[in-house]
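Understanding the architecture of this molecule
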Amino acid sequence: MAAVGAAALLPSHPSHASDDSFPTDAMAMLNRFHPPRPDWYAELYATAMNTSMKSYEAEIEGYKSELFANLRGQAKQILEIGIGTGPNLKYYASEGGTSVYGVDPNRKMEKYAQAAAEAAGLPPANFKFLHAVSESLPLRDASVDAVIGTLVLCSVADVNLALQEIRRVLKPGGLYLFVEHVAATDGTVLRFVQQLLDPLQQTLADGCHLTRKTGKDITEAGFSNVSESLPLRDASVDAVIGTLVLCSVADVNLTLQEVRKVLKPGGIYLFVEHVAAAVLRFVQGLLDPLQQMLADGCHLTRKTGKNITEEGFSNVIVIKLYYQLPR
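Residues numbered from 1 in each chain as written. Predicted model: local features only at pLDDT ≥ 70, side-chain atom pairs only at ≥ 80, totals over all residues. Heavy atoms only, no water.

Looking only at helices and strands, the chain has 12 helices and 10 strands in total. Per-residue burial for the chain yields a buried fraction of 41% across its 327 residues. For the chain, contacts bridging at least 24 residues in sequence account for 78% of all contacts bridging at least 6. (Helix = DSSP H or I, 4+ residues; strand = E, 2+ residues; numbered from the N terminus. Buried < 20%, exposed > 50% of the residue type's maximum accessible area, 1.4 Å probe, protein only. Contact = heavy atoms within 4.5 Å.)

Structure below.
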């Protein structure tokens, strides 16, 4: 499944609503966007999330550590939408003076989130669980320094309304940090599989969708700066390796910019890529749509060597390899 790179966003302008304004009838909005589930289901789902996600959280721990480092010294009032059982709290809640609002439509998540807040060192007075939905946040305009959401927009009822609410509650210059899974490239096998599994996923995972174009929604939501990036600090690695990668990324130039960003001065980028041929270009052009569908978006006709050469690396050496068919 394709994933949106975690990013920081800045709201483009402050809200103009009065300081004491709140969404009207938050409970009605909760029931509208997330109709009440039976207690047994809510409890079962909360328990499952508390136990079944541990391997995923262990796998993504380094990724999240880099992402939430953006909050150090930058945010004291933090809102986490879809807080669930609170697996993110350990990354950002321990800094002195931090206060956290945790929003979730499942009331049964509260005890797990409170336990996670306590384990992270957050004083009980500095954590408040809010039984609400992201489409109607029970907070004043421009009231928080940062909003966090990981694997949330896949399951909200109205993505655009949730993003409007995030912008509304953020202070000018505030940060929105997110990790979301998204739809694979149109026409690929993976996208076809996602479409087949989507109805079942929504049933089993409390409304989670596999085919949403969340990255596009966030980009178009009106934030002043959107960066979908590698979860690494600038100049943090000595080398980057990529073999048969640039043929299938959505944006070659943006990917190469990210490679340059994370490389230390003097670092090395080693790559092996197939590129558009001269004599065979016509055949590649004919086969390209089929290749994209069967090989998860891989293109046969990209001029990858040209892209790399023009990206601004200090020295580029391209070695062409040819295959000879046996006689």
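Given two aromatic rings, one states the distance between the centres and the angle between the planes to describe the pair. Evaluated as defined, the whole model comprises 8 aromatic pairs. An aromatic cluster of at least three residues, connected via ring pairs, comprises Trp-40, Tyr-41 and Tyr-45. Residue placement shows Arg-260 over the ring face of Phe-313; its charged tip is 6.0 Å from the ring centre. (Phe/Tyr/Trp six-rings, centres within 6.5 Å; stacked < 30°, edge-to-face > 60°. Lys NZ or Arg CZ within 6 Å of the ring centre and 35° of its normal.)

Residue placement: Ala-132 occurs in the loop between β5 (127-131) and β6 (144-150). Put simply, Ala-132 and Asp-104 are 28 residues apart on the chain and 5.6 Å apart in space, counted from C-alpha to C-alpha. Not counting residues up to four positions away in its chain, the partners in contact with Ala-132 are Leu-30, Val-103, Asp-104, Pro-105 and Pro-138.

Okay, the state of the cysteines next. Within the structure shown, the criterion is met by 0 disulfides. Unpaired in this structure, Cys-154 has its nearest cysteine sulfur neighbour in Cys-208, at a distance of 3.6 Å. Cysteine Cys-247 remains unbridged, with the sulfur of Cys-298 as its closest cysteine sulfur at 3.2 Å. (Disulfide = S-S within 2.5 Å.)

Bringing the pattern of salt bridges into the picture now. The tally for this structure, following the rule as stated, stands at 13 salt bridges. Between Asp-238 and Lys-264 there is a salt bridge; the shortest N-O distance is 3.3 Å. In this pair, Asp-238 sits in strand β9 (residues 237-243) while Lys-264 sits in strand β10 (residues 263-272), placing the two residues 26 residues apart along the sequence. The exposed category is assigned to Asp-238, whose relative accessible area is 54%. Put simply, Lys-306 and Glu-310 hold a salt bridge, and the shortest N to O gap is 3.1 Å. Taking the relative accessible area as the measure of exposure, Glu-310 reaches 55% and is therefore exposed. Counted as one network, the salt bridges with shared partners bring together Asp-141, Glu-165 and Arg-168. (Salt bridge = Lys/Arg side-chain N within 4 Å of Asp/Glu carboxyl O.)

Nothing here speaks to function; it is all geometry.
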